[in-house]
Amino acid sequence: MIIILEPVRTGLEHQAFNTALIQAAVVAFPGQEIQFWADQSHLDSIADMLGPAHGVRLMAVAIAPRRASLWQRFWPDNILARQALACAQEPGSRVVFSSISTPLLWACRLRMFAKPSHQVGAVLHGGLAELRWRPKFNLWKRWTGLRWALANSPDWMRFWVLEPSIAEALVRFAPELVARFAVFPHPLPPDLVGVEHQAPQAPLTIGLLGLATPQKGLLRFLAISEALQGKGAEYHLVGRIHQEWRSRVEGRLGVLARKPEQQPMARELFVSRARQLSYAAFFFDGEHYALTASGVLLDCIAMGIPLLGCRHPLFTALEAEVGEIGHFCQPGEETAMVDQVITSFDPVRHRQQCEAMLRLREPRMIAALAARLQGLLPPR
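A. Fine view of the overall build of the protein. Scanning the protein from N- to C-terminus turns up 15 helices and 12 strands. C-alpha atoms of the protein, sized along the principal axes, occupy 65 × 55 × 35 Å. Relative to all contacts within the protein whose residues are 6 or more apart in sequence, the contacts with residues 24 or more apart total 76%. For the protein, the computed accessible surface area is about 16,300 Å², with 54% contributed by carbon and sulfur atoms. For the protein, the distance from the average position of its 39 positive side-chain charges to the average position of its 33 negative side-chain charges is 7 Å.

The structure is reproduced here in C-alpha cells:
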C-alpha cells in the first residue's frame, strides 16, 4: 500500500503537484493500492484532474484550518501522523507527506521509535525559506522553528526538495541538514503534457504569472511596464495580486493590457492566457526563491515559454541542462534588458529558447518521476 498524505492544502492548492505525485506512484508501484489522504475540497480538485478511471482510493481526513497557529495545528497533525505511521509499519507500505508542517514534524518526533517498513518521504515547498534566518537570542523561536523540527525528526524520514538549485542552496543556509535532503524533480503539470507554446504574434506579450508579490517581481514588472509603455510590447498579469499588495499598486495597473483577477483563476483560463505570452517575467527579488520552488515556472516549462528575469541559481542550473532558456540580467538592469529584447527581437532565437524550455520536460514527466520515487522510498 502507498499512502500519499496532504496535511496542509485545500481546494485547488497544489492540485497539479499532488496529481502528478499520485500518477508517479501508480506507475512506480504497479499492483499496489494507492491511497491519497486530504481535505475533501482538495480531493475534489484532484479527482477532477485524475479523471473518472483513476483507480486511486481518495480518503477524506480532517486537517487544521489554513491559517491555524502552531498549537492549533498540533492536534490534527498529531492524529494524521499516528494514522499514517501506523500504516507505514505494515510490510511493503510506503508513506509520503506531500507537504509538511512544523507541528507534523513534532508529531513524527513523538513516534521516533516507530518502525516503518520503508523510508518515509516529506516534500518541502515554500516553507523551507524559513531556514534563511536563524534567531540568535530568541530560544523559543529556535525550539519551535522549522530548523529544529527538521534536525530532530526521526532518522527514517527524508526530506525532498523540488529543484537541484534548492539542494545546493541548503549548503549555505543549513549545512547541518544537507544529508537529510534529496531532490524529487518538480513534476510537469499533468494537464499540460503535450501542450506546446504558440509562436509569438505582434506585439510581443510579457506576462507575470500566478499570485503576484514583490518577492516574485511584481514591483519590478510594473516598473518595466511603465517605463516601456507603447514601445512594442504588451504586459499581462495572468493571475492575481496578493491581498496585502492589491491596494498599494491599484493605481499603477492601468499600464497593463491584461489586468489581474480578483479571485483565483480557473485552471483552464490560466492556461489559455499563459499560452498567449511571448515571454514570462521572473524578476525575483533577492533570495526569496533560493529555497522555494515555483509552480508557474513548471507551467512555463510545460508550454515552452521562455523567461525574462534577474540572474538566479535556479535559472543557471536549468540552462546548464538544456542551453539558453531566455534573457537574464543583474538587478537594476531589467528595463534596459527588456527594451533590448523588444527592439532586437529575434524569432529564431526565441524559437530555440522555446525548444530548450521543452527539453526540460523529460526528467519531470511521470515515467522519470516514477523511477525517482522508487529510489527515494527504499526498504529500511
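B. Spotlight on the side chain of Gln15. Note that Gln15 resides in helix H1 (residues 15–28). Judged by relative accessible area, which is 11%, Gln15 ranks as buried. If sequence neighbours within four positions are ignored, Gln15 has contacts with His42, Ser45, Ile46 and Met49.

C. Highlighting the packing of aromatic side chains. Evaluated as defined, the whole model comprises nine aromatic pairs. Note on Phe284 and Phe315: the rings are 5.5 Å apart at their centroids and 25 degrees apart in plane angle, and the pair reads as stacked. With Phe284 in the loop between strand E10 (279–282) and helix H11 (295–303) and Phe315 in helix H12 (residues 313–322), this residue pair connects regions lying 31 residues apart in the sequence. Note on accessibility: Phe284 and Phe315 belong to one class, buried. Relative to Phe328, the ring of Phe315 lies with its centre 5.0 Å away and its plane at 20 degrees, an arrangement referred to as stacked. One end of the pair, Phe315, is in helix H12; the other, Phe328, is in strand E12 (residues 326–329), and 13 residues separate them in sequence. The residues Phe315 and Phe328 share a single accessibility class, namely buried. One aromatic cluster is present, built from ring pairs that chain together Phe282, Phe284, Tyr289, Phe315 and Phe328.

D. Region of the structure containing the packing of H1 against helix H15 (residues 366–376). Running from N to C, H1 and H15 point in directions that differ by 70 degrees, and their axes come no closer than 8 Å. Considering the angle they form, H1 stands roughly perpendicular to H15. Counted together, Ala20, Leu21, Gln23, Ala24, Ala25, Val27 and Ala28 of H1 and Ile366, Leu369, Ala370, Leu373 and Gln374 of H15 form the full contact between these two elements. For the contact of H1 with H15, the residue count by class is 10 nonpolar, two polar and no charged.

E. Broad picture of the sheet that holds strand E9 (residues 233–241). Ordered by their spatial adjacency, five strands build an open sheet running E9-E8-E10-E11-E12, and the pairing between neighbours is parallel. Each having just a single partner strand, E9 and E12 make up the two edges of the open sheet. Going across the sheet, the axis of each strand differs from the next one's by a mean of 20 degrees, ignoring polarity. As defined by bridge partners, strand E11 (residues 307–310) adjoins E12 across four bridges and the pair is classed as parallel. Residue Leu307 lies in a different strand from E12, and its bridge partner there is Gly326. Against the sheet, helix H14 (residues 347–359) contacts E10, E11 and E12, and its axis sits at roughly 95 degrees relative to E12.

Basis of the calculations
Residues numbered from 1 in each chain as written. Predicted model: local features only at pLDDT ≥ 70, side-chain atom pairs only at ≥ 80, totals over all residues. Heavy atoms only, no water. Helix = DSSP H or I, 4+ residues; strand = E, 2+ residues; numbered from the N terminus. Contact = heavy atoms within 4.5 Å. Areas by Shrake-Rupley, 256 points an atom, 1.4 Å probe, with all protein chains shown as cover. Lys, Arg positive; Asp, Glu negative; His and termini not counted. Charge placed at Lys NZ, Arg CZ, Asp CG, Glu CD. Buried < 20%, exposed > 50% of the residue type's maximum accessible area, 1.4 Å probe, protein only. Phe/Tyr/Trp six-rings, centres within 6.5 Å; stacked < 30°, edge-to-face > 60°. Axes fitted to C-alpha atoms, helices over the stretch in contact; angles between N-to-C directions. Parallel < 35°, antiparallel > 145°, perpendicular 65-115°, else oblique. Nonpolar A, V, L, I, M, F, W, Y, C, P; charged D, E, K, R; others polar. Pairing = 2+ DSSP bridges.

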